[in-house]
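Chain residues, written in single-letter form:
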Number of protein chains: 2
Amino acid sequence: MNERQLIEYITTLVGPMDGRLIQGIGDDCAVIAKNDHEVWLLTMDTLIESVHFDCAFHPPEKLGRKAVSVNVSDIGAMGGKPLFVLLSVGMPPGFDESWFKAFAQGLNDACREYGCLLIGGDTVASPQGLNFCLTVIGEAAVDQVVYRSGARPGDVIWVSGPLGLAAAGLELLHRGMIDREDFGPLYEKHLNPRARVELGERLGKTGLAHAMMDLSDGLATDLAHLCKRSGVGARLTSSALPGIAPLDEAARLCHADTLQWMIGGGEDYELLFTAAPESENSLRVIGEQCGLALASVGTIVHGEGVLLLRQLPDGRTEERAVTYGGFDHFRNGEGRGDGGRRAV
Amino acid sequence: MNERQLIEYITTLVGPMDGRLIQGIGDDCAVIAKNDHEVWLLTMDTLIESVHFDCAFHPPEKLGRKAVSVNVSDIGAMGGKPLFVLLSVGMPPGFDESWFKAFAQGLNDACREYGCLLIGGDTVASPQGLNFCLTVIGEAAVDQVVYRSGARPGDVIWVSGPLGLAAAGLELLHRGMIDREDFGPLYEKHLNPRARVELGERLGKTGLAHAMMDLSDGLATDLAHLCKRSGVGARLTSSALPGIAPLDEAARLCHADTLQWMIGGGEDYELLFTAAPESENSLRVIGEQCGLALASVGTIVHGEGVLLLRQLPDGRTEERAVTYGGFDHFRNGEGRGDGGRRAV
């Protein structure tokens, strides 16, 4: 039983929805009716030491910021505005006060920057290491909420910024390559990602995005979720995936593959969304206003699963299934078809 | 810096309240305005393996139930009704599927029994052991919410049931005394406490309770919080504290003190509330309707701190300060006054 099967098992137990529950398990946030025209959005994420962060190289102030960003990212991914934050802190005995104060400062600063407020939570002893669980409550007009399930064949697939930076940054930090100035954007993307909340809210308000989610598990996996919820398939164009220059140099040093980082790396916290082809100009204007270089990376198609189209050195075009866990499948060179799938 | 100082530190960072936030950090729940006449109540609690539960003797189905109960208890303690639950599950690699399924079943059964619905959350890897974080969302009419801050001198202090059972049960379980039928209620109170949600909601609706909270850290500590928030003091009468018969036998076997369990044991998950003396009859009727034997245990007074009045064997009455950490202070035989206080 993997993590997804565990979620699916829980889902099977849960009974019919309450009338006020618009969206339960299965999207970036749960959605509750506030009144006839507004909803609350609720999301929860946990950060566990040695799984999600390494204190050896993660400054506490940036970790505090990240704890907020990864949660408000889910609110933005539904087209909403984050309002309130609950925090559960697990600290080992004899923890470092100055570390905690810097963490709390970063967390609170990030709350202010995203326009939300810390309103409660709890503290517990956690003998085996730090852990932080946050719940964020956001709001949106009911017709402003963008679900994962709205993608339609013919839609263009967009991402809100370059991919693979966090995966590269984490790999560099793990390998102790921590002081190259040109890798700054890679380190920063792992240590202190920014949530694309303003973009998400504008996409919700304009109604331009048909389906949306944030990229936390990597493009291949996340797009597969979006497609499954929408009952469609997707084709990604390898050459259209946006990166930044230092990625290739980082990949060379780490004996890694840039493309693998971009489709399977995880923790991008960019928005993934689909929109009608005729929305391109409007989207580019909104992107610029938010300071983001939106990139169209593929197309929604009839069917199921995610295919990646790549030009081979000999000029042929290769199609590979990258549905779920794209990283491993791609690395293992598995071909298109069911062999490249992992059940979820 | 202890856990409370940590919360206080965070509180100092947080800026002025948002207009929609009625109660932030400092009560059982955060309170957000839903509209002019209704509020949402939000609470969050974490259970960490080896701190809050021991898998050696905690059946997973009961642990799942307890995870819900300790959270909805906070909703009941504000006079509200629990509606929705978010769950974050941290599981180590290679966890036992049947254990998890039993846990999830217990959790979901408890949700149904309390009338609430699991609507989302996340799953994470937790290499060092299990941890579960829950957020519960409840609702109440705005004038139905009972805060910790409403206690008035002259109020009678009430608890909703016997005290010290969970502390005794945990001690017995730790000592391997796990199969005495007469200790069943003690084991059960630790393994599977019931939240007094129905009582809490009725106390909120009737307006009889002036101040209320749930007993999670022990009567001495929790009453001290309630007094501090209300700007009052309290006098508890030792002989009025409700127990059950097996407590004394358990205390004898564990070389413990029944009274210490009752005032400092923690995890009672009974409601602690104050009310006008003339409400006694109405309260007893409501208690009976909820199947609970409410007990009046003391009086709210002018001043500050919590005093415990006890009849000594020689006939004299002893007064001791039990404000905060009542358990240790009482055990150490510290007298009344500042020496018996712990800063929070």
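Bear in mind that the values here come from a model prediction, so they are computed numbers and not experimental data. Going along each chain's sequence as written, the residues are numbered from 1 onward. Each chain takes a letter, starting from A, and each ligand takes a number, starting from 1, following the order in which they are written. Reporting of local features is limited, given that this is a predicted model, to residues whose pLDDT is at least 70; pairs of side-chain atoms are given and counted only at 80 or more, and all residues count toward the totals for whole chains, interfaces and linings. The basis for the side-chain values is all heavy atoms of the structure; hydrogens and waters are excluded.

### Observations concerning the environment of Asp28 of chain B
All names here are of chain B.
- Runs of E in the DSSP output that reach at least two residues are strands. Runs of H or I that reach at least four are helices, and both are numbered from the N terminus. Secondary-structure assignment places Asp28 in the loop between β1 (21–23) and β2 (30–33).
- With a relative accessible area of 7%, Asp28 lands in the buried category.
- Under the rule applied, a polar contact is a pair of N or O atoms within 3.5 Å (in protein, one hydrogen donor and one hydrogen acceptor; residues adjacent in sequence only if both atoms are side-chain atoms). A distance of 3.1 Å separates polar atoms of two side chains, one belonging to Asp28 and the other to Arg148.
- Within the structure, the side chain of Asp28 is placed 3.3 Å from the backbone nitrogen of Asp214, a separation counted as a polar contact. In this scheme, a residue with accessible area under 20% of its type's maximum is buried, one over 50% is exposed, and one in between is partly exposed, where area comes from a 1.4 Å probe on protein chains only.

### Concerning the relation of the copies chain A and chain B
- Overlaying chain A with chain B gives an RMSD of 0.0 Å, the required rotation being 180° about an axis along which the chain moves by 0.0 Å. The symmetry that links the two subunits is that of a two-fold axis. It is Gln128 of chain A whose C-alpha, among those of chain A, lies nearest the rotation axis, at 3.1 Å.
- The overlap is high: 100% of the interface residues of chain A also sit at the interface in chain B, so the same surface is used on both sides. The least-squares superposition of copies is restricted to C-alpha atoms, and to residues with a pLDDT of at least 70 in both copies. Throughout, a contact is declared for two residues whenever any of their heavy atoms are within 4.5 Å.

### A few points about the UniProt feature "binding site: Mg(2+) 2" (unreviewed entry) in chain A
- UniProt positions are given in the numbering used here, feature names are shortened, and annotations may be inferred rather than shown by experiment. Mapped onto this structure's residue numbering, the UniProt feature "binding site: Mg(2+) 2" (unreviewed entry) falls at Asp45 and Asp74 of chain A. A maximum C-alpha distance of 9.4 Å is found for the annotated residues, which run over 30 residues; spatially they form one tight group.
- Looking at where Asp45 of chain A falls in the secondary structure, it is placed in strand β3 (residues 38–48).
- Residues contacting Asp45 of chain A, with those up to four places away along its chain left out, are Val70, Asn71, Asp74, Phe132, Cys133 and Leu134 of chain A together with Asp122 of chain B.
- Beyond its immediate stretch of four places on either side in the chain, Asp74 of chain A contacts Asp28, Cys29, Thr43, Asp45 and Asp214 of chain A.

### As for helix α10 (residues 280–289) of chain A
Residues and elements named next belong to chain A.
- Among the residues of α10, those classed as buried are Leu283, Ile286 and Gly287. What you see down the axis of α10 is that its buried residues fit within an arc of 100°, all on one side. For α10, the exposed residues set more than 90 degrees away from the buried face come down to Asn281 and Glu288.
- Looking at the buried positions of α10, the neighbouring elements they touch are β7 (156–159), α6 (197–206) and β10 (271–275). Directions are taken from the helix axis to each C-beta atom, and the arc is the one they span.

### Let's talk about the sheet that holds strand β13 (residues 317–321) of chain A
Residues and elements named next belong to chain A.
- Sheet architecture is open: 7 strands sit in the order β8-β10-β7-β11-β9-β12-β13, paired in mixed fashion. The outermost strands of the open sheet, each flanked by one partner alone, are β8 (211–214) and β13. Averaged over all pairs of adjacent strands, the angle between strand axes in this sheet comes to 25°, irrespective of strand direction.
- Only strands that DSSP links by at least two bridges are regarded as paired with each other. The sheet contact formed by β7 and strand β11 (residues 295–301) spans 4 bridges and is antiparallel. By the bridge assignment for β11, Trp158 is matched with Ser296.
- Each axis is a line fitted through C-alpha atoms, taken for helices only over the stretch in contact, and angles between the N-to-C directions span 0 to 180 degrees. Those strands touched by helix α7 (residues 219–230) are β7, β8, β9 (233–237), β10, β11 and β12 (305–311), and its axis lies near 145° from that of β8.

### With respect to the interface of chain A and chain B
- Contacts between the two partners involve 63 residues from chain A and, on the opposite side, 63 residues from chain B.
- Once two parts are brought into contact, the accessible area they lose, counted with a 1.4 Å probe and summed over both, makes up the buried area. Roughly 5500 Å² of surface becomes buried between chain A and chain B when both sides are summed, with 71% attributable to carbon and sulfur atoms.
- Think of a salt bridge as a Lys or Arg side-chain nitrogen and an Asp or Glu carboxyl oxygen that are within 4 Å of each other. Joining chain A to chain B, the criterion identifies 2 salt bridges.
- Arg20 of chain A is the partner of Glu139 of chain B in a salt bridge, and the nearest nitrogen-oxygen pair spans 3.0 Å.

### Examining the sheet that holds strand β7 (residues 156–159) of chain B
All names here are of chain B.
- Read across the open sheet, the 7 strands follow the order β8-β10-β7-β11-β9-β12-β13; overall the sheet is mixed. Each end of this open sheet is capped by a strand with a single partner; those strands are β8 (211–214) and β13 (317–321). Each strand axis lies, on average, 25° off the axis of its neighbour in the sheet, ignoring direction.
- Inspection of the sheet shows strand β9 (residues 233–237) paired to strand β12 (residues 305–311) by 5 bridges, in the parallel sense. Bridge pairing links Leu236 to Leu308 in β12.
- Of the strands in this sheet, β8 and β10 (271–275) are in contact with helix α2 (residues 60–76), which crosses β8 at around 175°.
- Packed onto the sheet, helix α10 (residues 280–289) meets β7, β10 and β11 (295–301) and runs at close to 5° relative to β7.

### Quick notes on the side chain of Asp45 of chain B
- No salt bridge is formed by the buried Asp45 of chain B; the nearest opposite charge belongs to Arg148 of chain B, separated by 9.0 Å.
- If we ignore the near neighbours within four places in the chain, the residues touching Asp45 of chain B are Asp122 of chain A together with Val70, Asn71, Asp74, Phe132, Cys133 and Leu134 of chain B. The charge count includes Lys and Arg as positive and Asp and Glu as negative, but it does not include His or the ends of the chains.

### Looking at the UniProt feature "binding site: ATP" (unreviewed entry) in chain A
- As recorded in UniProt, the sites labelled "binding site: ATP" (unreviewed entry) are Gly121, Asp122, Arg148 and Ser216 of chain A. Taken together, the annotated residues stretch across 96 residues and extend over separate regions, lying up to 31.5 Å apart by C-alpha.
- Tracing the backbone shows Gly121 of chain A in strand β5 (residues 117–125).
- Contact partners of Gly121 of chain A, with chain neighbours within four places excluded, come to Leu86 and Leu87 of chain A together with Met44 of chain B.
- Its location among the elements puts Arg148 of chain A in the loop between β6 (131–141) and β7.
- When near neighbours in sequence (up to four residues on either side) are disregarded, Arg148 of chain A contacts Gly26, Asp27, Asp28, Ala211, Met212, Met213, His225, Leu226, Arg229 and Ser230 of chain A.

### So, the pairing of β9 of chain B
- Relative to β11 of chain B, β9 of chain B runs antiparallel, the two being bridged by 4 bridges. What sits directly across from Gly233 of chain B, in β11 of chain B, is Val301 of chain B.

### A few points about the confidence of the model for chain A
- pLDDT runs from 0 to 100 and stands for how confident the predictor is about each residue. Across chain A, the average pLDDT comes to 90, with 92% of residues at or above 70.
- This stretch, residues 326–344 of chain A, has a pLDDT under 50; its non-local contacts, to residues over four places away or in other chains, come to 39 contacts.

### Section: the domain arrangement of chain A
Residues and elements named next belong to chain A.
- As far as domains go, chain A holds domain 1 (3–144) and domain 2 (148–340).
- Where each domain starts and ends comes from a domain assignment, either automatic or drawn from a database. For domain 1 and domain 2, the distance between their C-alpha centres works out to 23 Å.
- The junction of domain 1 with domain 2 conceals about 2300 Å² of combined surface from both sides, 49% of it contributed by carbon and sulfur atoms.
- Summed over the shared surface of domain 1 and domain 2, the number is 5 salt bridges.
- The partner of Glu267 in a salt bridge is Lys66, with the nearest N and O atoms 3.0 Å apart.

### Considerations on the pattern of salt bridges
- Under the defined criterion, the tally for this structure stands at 44 salt bridges over all chains.
- For Arg252 of chain A, the salt bridge goes to Glu249 of chain A, with nearest N and O atoms at 3.1 Å. With a gap of 3 residues between them, Arg252 of chain A and Glu249 of chain A both fall in helix α8 (residues 246–254), about one helical turn apart.
- A salt bridge links Glu249 of chain B to Arg180 of chain B; the shortest N-O distance between them is 3.5 Å. With Glu249 of chain B in helix α8 (residues 246–254) and Arg180 of chain B in the loop between α4 (165–174) and α5 (184–191), this residue pair connects regions lying 69 residues apart in the sequence.
- Salt bridges sharing partners connect three or more residues here, namely Arg20 of chain A together with Lys34, Glu38 and Glu139 of chain B.

### Observations concerning unusual backbone geometry
Residues and elements named next belong to chain B.
- Here Ser50, not a glycine, exhibits a phi torsion of approximately 75°, which is positive.
- Within the fold, Ser50 resides in the loop between β3 (38–48) and α2.
- Accessibility expressed as a relative area gives 54% for Ser50, which makes it exposed.
- One non-glycine residue, Tyr269, adopts positive backbone phi at about 50°.
- If you trace the backbone, Tyr269 turns up in the loop between α9 (258–264) and β10.

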